[in-house]
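# Summary of structural features
Spelled out from the first residue to the last, the chains are:
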Amino acid sequence: MTGTTTGSPVPFEAAVSRYDPVIGLETHVELSTAAKMFCGCRVGFGAAPNSGVCPVCLGLPGSLPVINKAAIEYTIRIGLALNCTIASWCRFARKNYFYPDMPKNFQISQYDEPLCTDGWLDVEIAGQTVRVGIERVHLEEDTGKSLHVGGATGRIHGADYSLVDYNRAGIPLVEVVTKPIGGTGALAPVVARGYVTELRDLLRALGVSDVRMEQGSLRCDVNTSLAPAGSAEWGTRTETKNVNSLRSVERAVRSEIERQAGILDAGGRVILETRHFHEDSGTTTPGRSKEEAQDYRYFPEPDLVPVAPSAEWVDQIRAALPELPAARRAELKRASSQLRTEWNVSAADMESMEHIGALGLVKQTVDLVTGSGDTARAAAFARKWWLGELARKANESGIELAELAISPRDVARVIELEVSGELNDKLARRVLDGVMAGQGPPDEVIAARGLAVVTDSGVLAAAVDEAIAANPEIAAKIRGGKTAAAGALVGAVMQATGGQADAATVRDLILQRCTAQS
């Protein structure tokens, strides 16, 4: 049975005044290895359905899995960054259950012997540090993806039929499971969002995943429970599945606190169940009941040998860890006065960058720009994009700046192309749009869309001559000394070239042509 007894949601402030929330987060991370977890199929997002599969990841009879060493290394890297203990010996198990996107009807996972255990991650919330305990970091294979066709929600209910894409089946998947997080009171939703944000930034810094929530490479299950204020016992939890944005993590916790408080106020009982979060309403609805224990019949995977990473290998991985986000932020704070000088910006500009979470992004972008020869100029370009166009995109989408599907490396490359004159401002915006649309890095977007600046002097001269011939009265004003009128002809040439001409070059050509004809 799913559902609860009656009870209308209560206002959040009233709910947290009477009940203590306890949250827990299970975050699934697809690793950016070249191949899948147990076979040689290439990993890539957006390929044609079922084009990246083989007998191993489809679980066909006679096929045998082989462990991907890179996935083990990536998982150890994550565990070390999360201050975990790394197992000297562990093994995989079979988790048996049926679901259409499970080609083998079992999942190769880790059960009672995970690779990484007992860690922590510090999260800065409202001027205080919240230490989130990490229960385990274990490695498994991802499932396929069910596509429900027809209906209005994209879910199975109301769909005309369903299809399954097994491309994702077998991709290395790390699950990071927190210990219960209590004692945060009204900050519980913010703590949940802050933790996932910090974890995402850490994973990106480690280079183990692209952590794109919109593509499913980072997915979060949010557990929430309430207990009467001051009670020593926890309440019954619910598990909101596959929350796919940072904003939604916060909203899901808030919604469940309000919903569960309404049930408890009415004398009802919260049901142990999974729930689905709805972006449009910000509320959750029942999924499946978990009140009866489900026996997954775990047993050691008979086709795989145990994993026993040596202490020497673990030490090598530890020594190669990059600077982590928390350390980078602390360093940025210490270096802020020097950066102000190097970038030639005011204290107010630095404060604005910090306020919207752009300071680190700008710093990374500037560090990646090559060939500019002018740090202040590179910083001006980086601020223009991160605080202008990209901040606007994030605001329109209701997400944080760092959640945009674009990296400092992408923005740095666009800046390099602007500095070299291969892109103008208008074309650069179109390139950034292409990157965020998942069309590849800047150079691939430029090649696919044909977005480079037109530099052919013959093409530009012809476009200028056509604009002059079509606007003789404007050309006459220019010949008479009113050079400001050239702007209208520049606009005509830019329109004729699809915005791909360099405006300064076009203006010079117009003035040269009109002067020569006077």
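See the structure shown above.
These remarks concern the structure in this document. (Residues numbered from 1 in each chain as written. Predicted model: local features only at pLDDT ≥ 70, side-chain atom pairs only at ≥ 80, totals over all residues. Heavy atoms only, no water.)

### A short note on empty space enclosed by the protein
Gaps left between atoms show up when a probe the size of a water molecule is rolled over them. With the rule as written, the count across this model stands at one cavity of 30 Å³ or more. Its boundaries defined by the atoms lining it, the largest cavity holds a volume of some 40 Å³. Every residue along the wall of the largest cavity is listed here: C57, M102, P103, K104, F106, E141, D142, T143 and A169. Its residues assigned to classes, the lining of the largest cavity comprises five nonpolar, one polar and three charged. (1 Å grid on protein atoms, 1.4 Å probe; cavity = no way out; pocket = protein on both sides within 12 Å on 5 of 7 lines; lining within 4 Å. Points joined across faces, edges and corners; volume = space filled by probe spheres on them. Nonpolar A, V, L, I, M, F, W, Y, C, P; charged D, E, K, R; others polar.)

### Brief notes about the environment of G230
When you line up the elements, G230 lands in the loop between strand 10 (218-228) and strand 11 (238-243). A C-alpha to C-alpha distance of 7.4 Å links G230 and D20, two positions 210 residues apart in sequence. (Helix = DSSP H or I, 4+ residues; strand = E, 2+ residues; numbered from the N terminus.)

### Some remarks on the packing of helix 10 (residues 375-397) against helix 12 (residues 425-436)
In a pair of packed helices, the angle between the axes and the distance between the axes together describe the arrangement. Between helix 10 and helix 12, the least distance of the axes is 12 Å, while the angle of their chain directions is 55°. Viewed along their axes, helix 10 and helix 12 adopt a mutual orientation that is oblique. The two elements helix 10 and helix 12 cross, and the hand of that crossing is right-handed. Seen from helix 10, the contacting residues are K384, W385, E389, L390 and K393; seen from helix 12, they are D425, A428, R429, L432, D433 and M436. A per-class count over the contact of helix 10 with helix 12 returns five nonpolar, no polar and six charged. (Axes fitted to C-alpha atoms, helices over the stretch in contact; angles between N-to-C directions. Parallel < 35°, antiparallel > 145°, perpendicular 65-115°, else oblique. Left-handed = near helix turned anticlockwise from the far one by under 90°. Contact = heavy atoms within 4.5 Å.)

### Focus on the state of the cysteines
Scanning all chains against the criterion turns up zero disulfides. You can see C84 has no disulfide; the closest cysteine sulfur is in C116, sitting 5.6 Å from it. Note on C116: relative accessible area 0%, which makes it buried. (Disulfide = S-S within 2.5 Å. Buried < 20%, exposed > 50% of the residue type's maximum accessible area, 1.4 Å probe, protein only.)

### A few points about the nonpolar core
In terms of nonpolar packing, the biggest core is built from 68 residues, with L25, I76, I78, L82, F92, V137 and Y195 touching the most fellow members. The element best represented in this core is helix 3 (residues 188-206), accounting for nine residues. Counting 37 residues, the second largest nonpolar core, distinct from the first, contains L361, L390, L401 and L423. (Core = buried A, V, L, I, M, F, W, Y, C linked by side-chain atoms within 4.5 Å.)

### Remarks on the packing of aromatic side chains
In the structure shown here, the tally under the stated rule is four aromatic pairs. An angle of 85° between the planes, with centres 5.6 Å apart, marks the rings of F38 and F92 as edge-to-face. Linking F38 in the loop between strand 1 (19-30) and helix 2 (69-81) with F92 in the loop between strand 2 (85-86) and strand 3 (93-96), this pair joins segments that are 54 residues apart in sequence. Assessed through its relative accessible area of 5%, F38 is described here as buried. Owing to a relative accessible area of 3%, F92 belongs among the buried residues under this scheme. Taking 6.1 Å as the distance between ring centres and 70° as the angle between the ring planes, the aromatic pair formed by Y296 and Y298 counts as edge-to-face. The ring of F106 has K104 sitting right over it, with the charged end atom 5.5 Å from the ring centre. Over the face of the ring belonging to F12 we find R254, whose NZ or CZ atom lies 4.1 Å from the ring centre. (Phe/Tyr/Trp six-rings, centres within 6.5 Å; stacked < 30°, edge-to-face > 60°. Lys NZ or Arg CZ within 6 Å of the ring centre and 35° of its normal.)

### Digging into helix 10
A turn of α-helix holds 3.6 residues, and therefore any two residues three or four places apart point the same way. Over its 23 residues, helix 10 extends 31 Å from the first C-alpha to the last, a length consistent with the 33 Å expected when each residue adds 1.5 Å. Roughly 40° is the biggest bend found in helix 10, and it falls at A391. When we look at burial in helix 10, the residues that qualify are A378, A379, F381, A382, R383, W385, W386, E389, L390 and A394. Elements that come into contact with the buried residues of helix 10 comprise helix 7 (336-343), helix 8 (347-355), helix 9 (359-368), helix 11 (408-419) and helix 12. Where helix 10 terminates, the next one or two residues include G398, which has phi positive at roughly 70°. (Expected span 1.5 Å × (residues − 1). Bend = angle between axes of the 7 residues up to and from the residue.)

### Brief notes about a nonpolar patch on the surface
Taken together, the side chains of L147, Y161 and L163 present a nonpolar region at the surface, about 280 Å² in accessible area. Of note, Y161 is situated in strand 8 (residues 161-165). Overall, the relative accessible area of 47% leaves Y161 in the partly exposed class. (Patch = residues over 30% accessible without salt bridge, like charges linked within 9 Å, V, L, I, M, F, W, Y side chains within 5 Å. Areas by Shrake-Rupley, 256 points an atom, 1.4 Å probe, with all protein chains shown as cover. Salt bridge = Lys/Arg side-chain N within 4 Å of Asp/Glu carboxyl O.)

### Side note on the pattern of salt bridges
Using the criterion set out here, one finds 37 salt bridges in the structure. R18 is the partner of D265 in a salt bridge, and the nearest nitrogen-oxygen pair spans 2.5 Å. Of this pair, D265 sits in helix 4 (residues 246-265) while R18 sits in helix 1 (residues 12-18); the two residues are 247 residues apart in sequence, bridging distant segments of the chain. Given the relative accessible area of 35%, D265 is considered partly exposed. Owing to a relative accessible area of 37%, R18 belongs among the partly exposed residues under this scheme. Among the salt bridges present, the one from R259 reaches E256, with a minimum N-O distance of 2.7 Å. Of the two residues, R259 and E256 are both situated in helix 4; the distance of three residues between them amounts to about one turn of the helix. Taking relative accessible area as the criterion, R259 reaches 11% and is therefore assigned buried. On the basis of relative accessible area, E256 is assigned to the buried category, the value being 0%. The network of salt bridges with shared partners includes K384, E389, R392, E396, E418, D425 and R429.

### Observations concerning the sheet that holds strand 4 (residues 106-109)
Across the sheet, which stays open at both edges, the three strands sit in the order 4-3-14 with antiparallel pairing between neighbours. Each of the sheet's edge strands pairs with one partner strand only, and the pair in question is strand 4 and strand 14 (299-300). In this structure, strand 3 lies alongside strand 4, joined through four bridges in antiparallel fashion. Its bridge partner being in strand 4, N96 is matched across the sheet by F106. (Pairing = 2+ DSSP bridges.)

### With respect to the side chain of E273
Along the polypeptide, E273 turns up in strand 12 (residues 273-278). Looking at E273, the relative accessible area reads 1%, which means it is buried.

### Let's talk about helix 13 (residues 442-449)
Buried within helix 13 are the following residues: P442, V445 and I446. One side of helix 13 carries all its buried residues, which in axial view fall inside an arc of 100°. Set apart from the buried face of helix 13 by more than 90 degrees, the exposed residues are A447 and A448. Packed against the buried residues of helix 13 are helix 11 and helix 12. Phi for G450, located one or two positions after helix 13, is positive at around 60°. (Arc of directions from axis to C-beta.)

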